[in-house]
Amino acid sequence: MAPRTIEVTRAELEGRRADILVSLGTGLDDFRERVARGSLAGFEWDAVEELEEIAFLLGETADDF
């Protein structure tokens, strides 16, 4: 059986990124600083992983999330 492919638009990916940041109650720059310091709770590390995946799909580097 072939793997299932899910297609999403750039707008959907950018919207998901915005939703993640809203759910964390932070802006992108502030969250990046916290990631750099390593001062995150467990669920926030999950958000980092998802944000990095979104950045990859958008053709950005992981640092761009």
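Here is what the cut-offs are and how they apply
Residues numbered from 1 in each chain as written. Predicted model: local features only at pLDDT ≥ 70, side-chain atom pairs only at ≥ 80, totals over all residues. Heavy atoms only, no water. Salt bridge = Lys/Arg side-chain N within 4 Å of Asp/Glu carboxyl O. Helix = DSSP H or I, 4+ residues; strand = E, 2+ residues; numbered from the N terminus. Buried < 20%, exposed > 50% of the residue type's maximum accessible area, 1.4 Å probe, protein only. Polar contact = N/O pair within 3.5 Å; in protein donor to acceptor, adjacent residues only side chain to side chain. Contact = heavy atoms within 4.5 Å. Core = buried A, V, L, I, M, F, W, Y, C linked by side-chain atoms within 4.5 Å.

Asker: Hey, could you run me through the pattern of salt bridges in this one?
Answerer: Opposite charge on two side chains lets them pair, provided their charged atoms get close. Taken as a whole, this structure holds six salt bridges when the rule is applied. Ionic pairing is found between E14 and R10, a salt bridge with its closest N-O pair at 3.2 Å. Here E14 and its partner R10 are both found in helix α1 (residues 10–24), four residues apart, which amounts to about one turn of the helix. Taking the relative accessible area as the measure of exposure, E14 reaches 34% and is therefore partly exposed. For R10, the salt bridge identified is with E60, shortest N-O distance 4.0 Å. One end of the pair, R10, is in helix α1; the other, E60, is in the segment after α3 (42–57), and 50 residues separate them in sequence. In this structure R10 comes out as partly exposed when scored by relative accessible area, which is 45%. The partly exposed category is assigned to E60, whose relative accessible area is 23%. It is possible to trace a salt-bridge network through shared partners that takes in R10, E14, R17 and E60.

Asker: Sorry, what's going on with the side chain of E44 here?
Answerer: Relative to the helices and strands, E44 is located in helix α3. One polar contact links E44 to R34, side chain to side chain, over a distance of 3.0 Å. Among residues more than four places away in sequence, those in contact with E44 are L24, F31, R34 and S39.

Asker: Could you clarify how one ought to interpret the nonpolar core in this entry?
Answerer: Among soluble globular proteins, nonpolar side chains are generally buried collectively. L13, I20, L21, L24, F31, V35, L40, A47, V48, L51, I54 and L58 together form the largest nonpolar core, which totals 12 residues. The set of elements that each furnish at least two residues to this core consists of α1, α2 (28–37) and α3. The contact partners of V48, leaving out residues within four places of it in the chain, are F31, V35 and L40.

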